[in-house]
Amino acid sequence: MEWITPVKPGFGGFDEPYERANVVFVGVPLDATSSYRSGYRFGPARIREASANLETYLTSAGLDVFERLNISDLGDLMVTPTDLRATGERISRSVQRITKDGKMPILLGGEHTLSYFAFQSFKDVFVVQLDAHRDLRDEYLGDKLCHATVMRRVLDHLPPERLLQVGIRSCSKEEAEFAREARIATYTSEQVIDDVPRIAAEARKLVGKARVYLTIDLDVLDPAFAPGVATPEPGGPSTVEILRLVRELGKLNISAFDVVELVPPHDDGTTAFAAAKIIYELLAAMASSPK
Ligand SMILES: [Mn+2]
């Protein structure tokens, strides 16, 4: 219906047919294991809304991401509220299918537990995690699989030298000891703030040409820049520091990424717009770097 010139509901207000796409968005409104703030289920919709109100031309890269990439948005995956495993299988199956079709999946969260199911679709990946928290507890409030244990569960299937944690400023004593013993590569929040270009360069060197699953927990940002998250942790980098970082990380050999932990009932829009901007910067970096 050309005569109405509709704004499409997909990311950025655009929506290429799946068959033509090389980048495919899926929303995962998972809202199951929160121990404090909840309302994640509104996350994907708010990120899409913000994305439609930001420019698709990125001044940093000097390109329009929608001219360089064919972007499709499949909408939100069905979440079974009381069955995490059933929802998890649906996440894994979708990510597997998109990858098998030669396209890159991008997941809009939703709570962080979704990363565990998405990650399982990839063999031999390097997991790069931007997060205030390590999420390495073996158990939390009696749960083996939840937002506080998600990376520990990932490590059930991944050698610890294939995990890089960036922006860390909070964990339990048990997690700190586990991370030390497992020698998990870590950059603290203050290391990032002190020298973004150096951390970005070191991260790129460490990861090399490995295929990457990138997970971005929005609480990596200082709560001043991202108040709408489930567990805000003071002392984080600013939005511009994270944008500069992801601009470099976007040059890695990324197979898939997710942006998680937005809780719209606690957001004034700031966090949703930061999330959308981070995604645009990543897309621009990917579009401008030959793989
Ligand atoms: Mn976190």
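An account of the accompanying structure is given in this report. (Residues numbered from 1 in each chain as written. Predicted model: local features only at pLDDT ≥ 70, side-chain atom pairs only at ≥ 80, totals over all residues.)

## Here we look at the pairing of strand β6 (residues 125–130)
Reasoning step 1: Most of β6 sits out of view: six of its six residues are buried.
Reasoning step 2: A two-sided burial pattern is seen for β6, the buried positions comprising Val-125, Val-127 and Gln-129 on one face and Phe-126, Val-128 and Leu-130 on the other.
Reasoning step 3: Taken together, the six bridges between β6 and strand β9 (residues 211–217) define a ladder with parallel strand orientation. Paired with Val-128 across the strands is Leu-214, a residue of β9.
Reasoning step 4: In terms of strand pairing, β6 meets strand β7 (residues 163–168) through four bridges, oriented parallel. (Buried ≥ 20, exposed ≤ 12 C-beta atoms within 10 Å, placed from the backbone. Helix = DSSP H or I, 4+ residues; strand = E, 2+ residues; numbered from the N terminus. Pairing = 2+ DSSP bridges.)

## Description of the sheet that holds β9
Reasoning step 1: One open sheet accounts for eight strands, arranged β4-β1-β5-β10-β9-β6-β7-β8; its pairing is parallel. Among the strands making up the open sheet, the edge pair consists of β4 (71–76) and β8 (185–188). Strand after strand, the sheet turns through a mean of 15° between neighbouring axes, direction not considered.
Reasoning step 2: Of the pairings in the sheet, the one linking strand β1 (residues 23–28) to β4 comprises four bridges and is parallel in character. Each bridged residue has a counterpart across the sheet, and for Gly-27 the counterpart in β4 is Asp-76.
Reasoning step 3: Of the strands in this sheet, β1, β9 and β10 (253–260) touch helix α10 (residues 270–288), which is tilted by about 175° from β10. (Axes fitted to C-alpha atoms, helices over the stretch in contact; angles between N-to-C directions. Contact = placed C-beta atoms within 7 Å.)

## Overview of helix α8 (residues 196–207)
Reasoning step 1: Here α8 contains twelve residues, and its C-alpha end-to-end distance of 16 Å stays within 8% of the 16 Å for a straight helix at 1.5 Å per residue.
Reasoning step 2: Buried residues of α8: Ile-199, Ala-200 and Val-207, and no others. Projected down its long axis, α8 shows its buried positions confined to an angular sector of 100°, all on one face. Along α8, exposed side chains directed more than 90 degrees from the buried face belong to Pro-197, Arg-198, Ala-201 and Lys-205.
Reasoning step 3: Packed against the buried residues of α8 are β6, β7, β8, α7 (189–194), β9 and α9 (239–249).
Reasoning step 4: Phi for Gly-208, located one or two positions after α8, is positive at around 60°. (Expected span 1.5 Å × (residues − 1). Arc of directions from axis to C-beta.)

## Some remarks on helix α1 (residues 43–51)
Reasoning step 1: Within α1, seven of the nine residues are buried, which leaves it mostly tucked inside the rest of the structure.
Reasoning step 2: Those residues of α1 that sit buried are Gly-43, Pro-44, Arg-46, Ile-47, Arg-48, Ala-50 and Ser-51.
Reasoning step 3: Of the surrounding elements, those touching the buried residues of α1 are β1, β4, β5 (104–109), β10 and α10.

## Focus: the environment of Thr-231
Reasoning step 1: On the secondary structure map, Thr-231 appears in the loop between β9 and α9.
Reasoning step 2: Among the residues examined, Thr-231 registers 19 C-beta atoms within 10 Å and is labelled partly exposed.
Reasoning step 3: Separated by 32 residues in sequence, Thr-231 and Val-263 place their C-alpha atoms 9.5 Å apart.

## Topic: the nonpolar core
Reasoning step 1: Core analysis: the largest hydrophobic core is formed by 91 residues, its most contacted members being Val-128, Val-212, Leu-218, Val-259, Ala-275, Ile-278 and Leu-283.
Reasoning step 2: Sorting elements by how many residues they give to this core places α10 first, with 13 residues.
Reasoning step 3: Once you skip the residues sitting within four places of it in the chain, Val-212 turns out to touch Val-125, Phe-126, Val-128, Val-207, Leu-252, Asn-253, Ile-254 and Ser-255. (Core = buried A, V, L, I, M, F, W, Y, C linked by C-beta atoms within 7 Å.)

## Regarding unusual backbone geometry
Reasoning step 1: Residue Gly-110 is bonded to the preceding Gly-109 through a cis peptide linkage, with omega at 5°.
Reasoning step 2: Take Gly-110: it is sitting in the loop between β5 and α4 (114–119).
Reasoning step 3: We note that Asp-135 has phi near 55°; this positive angle belongs to a residue other than glycine.
Reasoning step 4: Relative to the assigned elements, Asp-135 resides in the loop between β6 and α5 (150–154).
Reasoning step 5: Positive phi, close to 80°, is recorded for Glu-261, a residue that is not glycine.
Reasoning step 6: Along the chain, Glu-261 turns up in the loop between β10 and α10.

No statement about biological role is implied by the geometric values presented.
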